[in-house]
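This is what each chain is made of:
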Amino acid sequence: MHRTRVGNVEIVSLFDVYFGFDPHRVWPTAGAGLEAYRDRLEPNGDIGMDCLCFLLRADGRTILVDTGLGPESGGVLLEELREAGVRPDEVDDVIFTHLHGDHTGWNMDRATGEPLFTRARYLVPRGDWDEQTARAQPAASFTRDIAPLNLMQRMELVDDGRVLTPSLTTVHTPGHTPGHMSIAVHSAGERGFILSDVFLTTIDVEQDGWSG
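So, a few notes on the structure that sits alongside this text. These numbers were taken from a predicted model, which means no experiment stands behind them.

Turning to a nonpolar patch on the surface, a few remarks are in order. There is a patch of nonpolar side chains on the surface, built from F193, L195, V198, F199 and V205 and spanning about 430 Å² of accessible area. Of note, V198 is situated in the loop between β11 (190–194) and α6 (202–206).

What follows is the structure, given as structure tokens:
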């Protein structure tokens with residue numbers, strides 16, 4: 001867990017789980033270029049990533065950005081929230097940067113089938129919702145984590161420029177997914193961004209031509 005501030009907004013990064021990916025899945029066009037980054041890979045050749053969420057305290061509201069990979073992964077998001085001094089029923093809003101399963105996994109209480117963040121509005125990027133609902137077979141994580149929220153009338157679709165609080169606004173940053181959203185933070189003359197998977201590692205910054 002790490003804490004910082006942008007103006008009057010407190011930002012807490014929350015760890016859920018560490019996992020690895022085949023780098024050729026992450027960057028399918030990299031080819032032999034990956035050899036130059038061998039020192040950044042795990043011994044088994046995977047690229048390692050932290051699955052992170054963010055807690056924002058802004059303008060009297062408590063907002064959770066993404067909900068990690070979930071209990072099946074051995075994730076520790078709830079422990080991290082507890083350490084940050086927040087109970088699930090104290091979260092006002094849950095907003096998703098996008099709808100991949102490593103960002104939606106703690107939405108539902110597996111024992112009760114009810115939303116885990118009991119009083120929160122769940123804010124879903126419209127572009128990703130449209131992409132998933134247009135499929136003949138949506139992703140399993142969408143069916144498990146997102147679709148029930150719609151049936152329970154607990155979610156809202158959000159677009160670019162949605163004002164979450166006077167200090168927080170959504171910014172449409174497509175590429176990783178069609179509806180990917182970042183969160184712009186503007187408070188007391190300072191600015192910051194929650195970028196999520198706009199880039200995954202420093203390799204993306206150095207090799208911005210590799211598709212992923």
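The residue G179 is located in the loop between β9 (168–172) and β10 (181–187) in this model. Separated by 80 residues in the primary sequence, G179 and L99 place their C-alpha atoms 8.6 Å from one another. When neighbours within four sequence positions are excluded, G179 is seen to be in contact with T97, P125, G127, D128 and H172.

Core analysis: the largest hydrophobic core is formed by 25 residues, its most contacted members being L14, V94, F117, Y122 and I146. Listed by contribution, the elements that provide at least two residues to this core are β2 (9–21), β3 (47–58), α2 (77–83) and β6 (121–125). Those residues in contact with I146, other than ones at most four positions away along the chain, are F96, L99, T104, N107, V124, W129, S141 and M155. Counting residues in each nonpolar core, the second largest holds 15 residues, with V6, L56, V158 and I194 among its members.

The next subject is the sheet that holds strand β1 (residues 2–6). Pairing within the open sheet is mixed, and its seven strands lie in the order β1-β2-β3-β4-β5-β6-β7. Strands at the two margins of the open sheet, each flanked by one partner only, are β1 and β7 (155–158). Within the sheet, the average angular offset between the axes of one strand and its neighbour, ignoring direction, is 25°. Here β2 runs beside β3; their pairing, made up of 11 bridges, is antiparallel. Looking at β3, one finds that E10 is bridged to R57.

Two elements, β1 and β2, share five bridges in a ladder whose sense is antiparallel. Bridge pairing in β2 places T4 opposite I11. Counted along the chain from β1 to the antiparallel partner β2, the turn is two residues long, and its residue G7 has a positive phi close to 60°.

About the thresholds
Residues numbered from 1 in each chain as written. Predicted model: local features only at pLDDT ≥ 70, side-chain atom pairs only at ≥ 80, totals over all residues. Heavy atoms only, no water. Patch = residues over 30% accessible without salt bridge, like charges linked within 9 Å, V, L, I, M, F, W, Y side chains within 5 Å. Areas by Shrake-Rupley, 256 points an atom, 1.4 Å probe, with all protein chains shown as cover. Salt bridge = Lys/Arg side-chain N within 4 Å of Asp/Glu carboxyl O. Helix = DSSP H or I, 4+ residues; strand = E, 2+ residues; numbered from the N terminus. Contact = heavy atoms within 4.5 Å. Core = buried A, V, L, I, M, F, W, Y, C linked by side-chain atoms within 4.5 Å. Buried < 20%, exposed > 50% of the residue type's maximum accessible area, 1.4 Å probe, protein only. Pairing = 2+ DSSP bridges. Axes fitted to C-alpha atoms, helices over the stretch in contact; angles between N-to-C directions.

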